Structure formats: C-alpha cells, structure tokens
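Fold and contact review
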Amino acid sequence: MKTENRRAYISSLAHYVPEEVYSNQFFEKRLDTSDEWIRTRTGISERRFAFNKGTSELMLPAAEKAIARRGIDKQDIDLIICATITPDHVFPSTACLLQNKLGIKHCWGFDLAAACSGFLFALETARRFIESGAAQRVLLCGGDRMSAILDFEDRSTCVLFGDGAGAIILEASDDPEIGVFDANLRIDGAGKDFLYMPAGGSAKPPSAETVANKEHYVVQDGRTVFRAAVVGMADVTAEVMERNNLRAEDVAWLVPHQANMRIIGATAERMGVSSDKVMVNIDRYGNTTAGTIPLCLSEWYDAGKIQYGDRLILSSFGAGYTWGSVYLRWGIK
Ligand code: ACO
C-alpha cells in the first residue's frame, strides 16, 4: 500500500569477503610493480580474491546474515536485486541463483549492471519500489568477483581490484527522520572506450581469437577515468548537499566508492568534510566494484560507528560512465 510518508530505509546489512588475502607483495613478485607504487597511487595495501567462486557465492553469506540479523522470515522478501558486472552467468540472472540458494519462494528479482555505481543505482531502484508500495522488503546485494575478469599480467589494472559483496534489506518506514531522502544519478556512454571489457557480449561474442587476444578482461585508460571520476563524483555530491541544504558539519559520514584514495580525497575536499568522516577500506579490499559501498556501510555498522539519524552521503563513479550520489539518514536503532 502506498502511503504519503512512506520512505525506504536500510533495516539490516552484512558483508562477505573471501578469506584469501593477497598483499601488494603478491604482485611485486610477478610483475614490474612495487608495494610503494600501488600504495601511493591508489591507497591499496591488500585485497581478497576468490578464484573458485561465482559472485552469487559471495553474496549468499552476506544475504543470509543480513536476513538473520533482521530476524525476519526470509519468505517475507518480495524482491531481490543483484548489482554486479561479474554475474555467475550471462543468464540466468544472479538474482535467480541467489533466490534459489536462499530458498525464497514467492519473490521476483533481477540483476542490475552499472559497474562501480551498481549499488547506488540498485538502491535508488529499490527505494522506488518500496516508496510506491510495489515491494515490502527488498534484498539488495552489491558485489563482484573482479578476479574473474582481470588480466593478471596487466599491472595497470590487476592491482586495483578485489572480490567481495555486501547485502542490505530495504523496508518502508513512516519515521520522518530516517531513510533515503535523495539521489542524483547519471550515465554518459561517452566513457565507453575508457573502461570496458572488449569481448564476450553480443557485439563481440567469445571466440578462440578473443580469448587469444585477452579480450575478456578489464581494459582501462586510468588517467582519463581518473580525471572524469574526480570531477563527476565531486559534482553530483556537491549538488546533493546543496539541494538538501546540507553543510559539511551536518554529514556524519561520506561513503565513497573505493577506487582510488586520491579520488576519495578530492570528493571529501569538495564537500569540506574532514578525513575522519570518510569511510575508507580500500587499503584492505581494493576496488570490489558494486561491493565497495555496502562493504563500508556494513563494516562501520559492525564497529558501532553509525548511529540512528546519522546523515550519510554515498557517492560513486564507474564504467559507462555511471556515477551518482545518494543522501540517506540511518534508520537502525
Ligand atoms: N606499477 C608500477 N607502475 C605502473 C603500474 C603499476 N601497477 N600501473 C601503471 N604504471 C605506470 C604506467 O605505465 C605509467 O608509466 P609511464 O608514465 O611510463 O607511461 C605510470 O605508472 C603512471 O601511470 P598513470 O596511469 O598516469 O598513473 P595514475 O597516477 O593515473 O594511476 C590509476 C593509475 C591508479 C589506475 C588511476 O589512474 C586511477 O585510479 N584511475 C581511476 C580508476 C577508477 O576510478 N575507475 C573507475 C571505477 S572501476 C569500475 O567501474 C569497474
């Protein structure tokens, strides 16, 4: 049922990262790179890889924990959205696989591909379903098994990414103090040539030639993407703050996509937010694409660092280009 004051809020959350830790030394031993280069250029010290898992297997433990924490019957979930660019298969969707693994009987769902902005795009989508009354409880998972699409001989990309996933449950509340208040999301396909996977889709189906040419891996023009990310992420974030009359001191946490410490720093600086209010775990996980933001939220929540009513700004930039910013107030007491 649609009600006037119905707003979507995060009622539970959890995360999962593989146990296997790969430090920068792992790459130092194999490639012409150094721990010093990786740390100073990106902020990354280590990341997790799960070489024998599909993304649904990263999402499953996070989803199970989020449901258990909420104390609800899993059958009360009526919509599953999986944000990922590394689905287990092109089809069926990861949402279908997850639904089956969880044993949820009466729900529907789908995958959403917006690269590093996947979680924010899915959050805004889920929010609309909740606000309209079309869904009561959404399970939203964001995560990627980036190791599946990395060229481990390309030092300019393989050192940047990691595997991991987060899960949230989104529900309705009529408490005016909490929930998702605003979202400012963008796409621009002019960025398509600067961060992409050349083959494997319908434009260039897999063949012996595409495999031999290593066309099933991430290709990135790092410098171009860096420049676009610094401007894009800071712009949409500043707009969200302005149109919600938020000053830096009103914001409890900036939750930026974890692609590069320097991009995170530039966004925080534009907002006027001090570094102690910025969630950062890129040093431990690298860029887990759709996983970074829910991973941050879940870790900070576990550590008791997010309080009821806290104002959070979530921001991302990724392949497409896709980018955006979401303003929410924390609803878990
Ligand atoms: N070790 C040592 N040297 C390296 C490495 C490495 N791992 N990688 C690149 N280099 C070299 C380059 O070859 C280059 O050498 P050259 O000057 O002789 O040509 C030099 O280091 C500098 O390269 P740059 O690309 O200019 O380095 P930069 O400071 O820009 O850092 C980086 C590269 C980290 C990739 C940065 O550009 C970046 O973070 N870009 C944005 C990433 C991003 O936000 N992506 C979007 C999200 S991801 C998604 O949506 C899936």
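For the structure, see preceding data.
Residues numbered from 1 in each chain as written. Predicted model: local features only at pLDDT ≥ 70, side-chain atom pairs only at ≥ 80, totals over all residues. Heavy atoms only, no water.

**Details of the packing of helix α8 (residues 222-243) against helix α9 (residues 261-271)**
Viewed as axis vectors pointing N to C, α8 and α9 meet at an angle of 30 degrees, and their least axial separation amounts to 9 Å. Relative to α9, α8 is oriented roughly parallel. Here α8 runs over α9; the crossing is right-handed. Every residue of α9 that contacts α8 at F226, A229, V230, M233, A234, D235, T237, A238 and M241 is listed here: R262, I263, A266, T267, R270 and M271. (Axes fitted to C-alpha atoms, helices over the stretch in contact; angles between N-to-C directions. Helix = DSSP H or I, 4+ residues; strand = E, 2+ residues; numbered from the N terminus. Parallel < 35°, antiparallel > 145°, perpendicular 65-115°, else oblique. Left-handed = near helix turned anticlockwise from the far one by under 90°. Contact = heavy atoms within 4.5 Å.)

**What about the packing of helix α3 (residues 55-70) against helix α4 (residues 94-102)?**
Where α3 contacts α4, the two axes come as close as 10 Å, and the packing angle between them is 50 degrees. One element, α3, and the other, α4, form an angle in the oblique class. Helix-helix and strand crossings are classified by hand; for α3 and α4 the assignment is right-handed. Across from S56, E57, M59, L60, A63, E64 and I67 in α3, the residues of α4 making contact are T94, L97, L98, K101 and L102. In the contact of α3 with α4, the residues fall into seven nonpolar, two polar and three charged. (Nonpolar A, V, L, I, M, F, W, Y, C, P; charged D, E, K, R; others polar.)

**Examining the site of the ligand**
Among the 27 residues in the neighbourhood of the ligand, the closest are listed as T33, R41, C116, R223 and N260. Separating an oxygen atom of the ligand from a side-chain N or O atom of R41 is a distance of 2.7 Å. Between a nitrogen atom of the ligand and a side-chain N or O atom of Q220, the distance comes to 3.0 Å. Relative to its unbound accessible surface of 1000 Å², the ligand loses 78% to contact with the protein. Secondary-structure elements contributing two or more residues to the shell around the ligand are α2 (35-42), α6 (155-158), α8, α9 and β12 (311-318). Ranked by residue count, the leading element in the shell around the ligand is α8, at four residues. In terms of residue class, the shell around the ligand is made up of 13 nonpolar, nine polar and five charged. (Near = heavy atom within 4 Å. Polar contact = N/O pair within 3.5 Å; in protein donor to acceptor, adjacent residues only side chain to side chain. Areas by Shrake-Rupley, 256 points an atom, 1.4 Å probe, with all protein chains shown as cover.)

**What to know about the environment of S147**
For S147, the position within the fold is in the loop between β6 (137-145) and α6. The class of S147 is buried, set by a relative accessible area of 6%. For the pair S147 and A303, spaced 156 residues apart in sequence, the C-alpha to C-alpha distance is 28 Å. With residues up to four places along the chain from it excluded, the contact list for S147 reads F49, A50, F51, F152 and D163. Within polar-contact distance, the side chain of S147 engages the side chain of R145 at 2.8 Å. (Buried < 20%, exposed > 50% of the residue type's maximum accessible area, 1.4 Å probe, protein only.)

**A short note on the environment of G272**
With respect to the helices, strands and loops of the structure, G272 is situated in the loop between α9 and α10 (282-285). For the pair G272 and A238, spaced 34 residues apart in sequence, the C-alpha separation works out to 9.7 Å.

**A few points about unusual backbone geometry**
In this structure, P92 follows F91 across a cis peptide bond, with omega equal to 0 degrees. Along the chain, P92 falls in the loop between β4 (79-83) and α4. For the peptide bond that leads from G320 to Y321, omega is 0 degrees, which places it in the cis range. Within the element layout of this structure, Y321 appears in the loop between β12 and β13 (322-329). A positive phi angle, close to 50 degrees, is found at N245, a residue other than glycine. In this fold, N245 is placed in the loop between α8 and β11 (253-256).

**Concerning the sheet that holds strand β8 (residues 179-187)**
Pairing within the open sheet is mixed, and its four strands lie in the order β8-β13-β12-β11. If you trace the sheet from one side to the other, it starts and ends with β8 and β11, each paired once. Averaged over neighbouring strand pairs, the angle between their axes works out to 10 degrees when direction is ignored. Both β8 and β13 contribute to a ladder of eight bridges, which runs antiparallel. Across the sheet, the residue bridging to I187 is T322, located in β13. Those strands touched by helix α5 (residues 118-132) are β8, β12 and β13, and its axis lies near 130 degrees from that of β8. (Pairing = 2+ DSSP bridges.)

**Re the packing of aromatic side chains**
Any two aromatic rings considered together are summarised by their centre-to-centre distance and by the angle between their planes. Taken as a whole and assessed by the stated rule, the structure comprises 17 aromatic pairs. Between F51 and F152, the ring centres sit 5.6 Å apart and the planes meet at 65 degrees, which makes this aromatic pair edge-to-face. With a gap of 101 residues between them, F51 in the loop between β3 (46-48) and α3 and F152 in the loop between β6 and α6 connect regions that are remote in the sequence. When its relative accessible area of 34% is taken as the criterion, F51 is described as partly exposed. Ring geometry for F194 against Y321: centres 6.4 Å apart, planes inclined by 20 degrees, an arrangement best described as stacked. Placement of the pair is F194 in the loop between β8 and β9 (195-196) and Y321 in the loop between β12 and β13, with a sequence separation of 127 residues. Accessibility expressed as a relative area gives 26% for F194, which makes it partly exposed. (Phe/Tyr/Trp six-rings, centres within 6.5 Å; stacked < 30°, edge-to-face > 60°.)

**Section: the state of the cysteines**
All told, the structure shown has zero disulfides when counted by the stated rule. C96 carries a free sulfur, and the closest cysteine sulfur to it, the one in C107, is 8.7 Å from it. Using a relative accessible area of 40% as the deciding quantity, one classes C96 as partly exposed. (Disulfide = S-S within 2.5 Å.)

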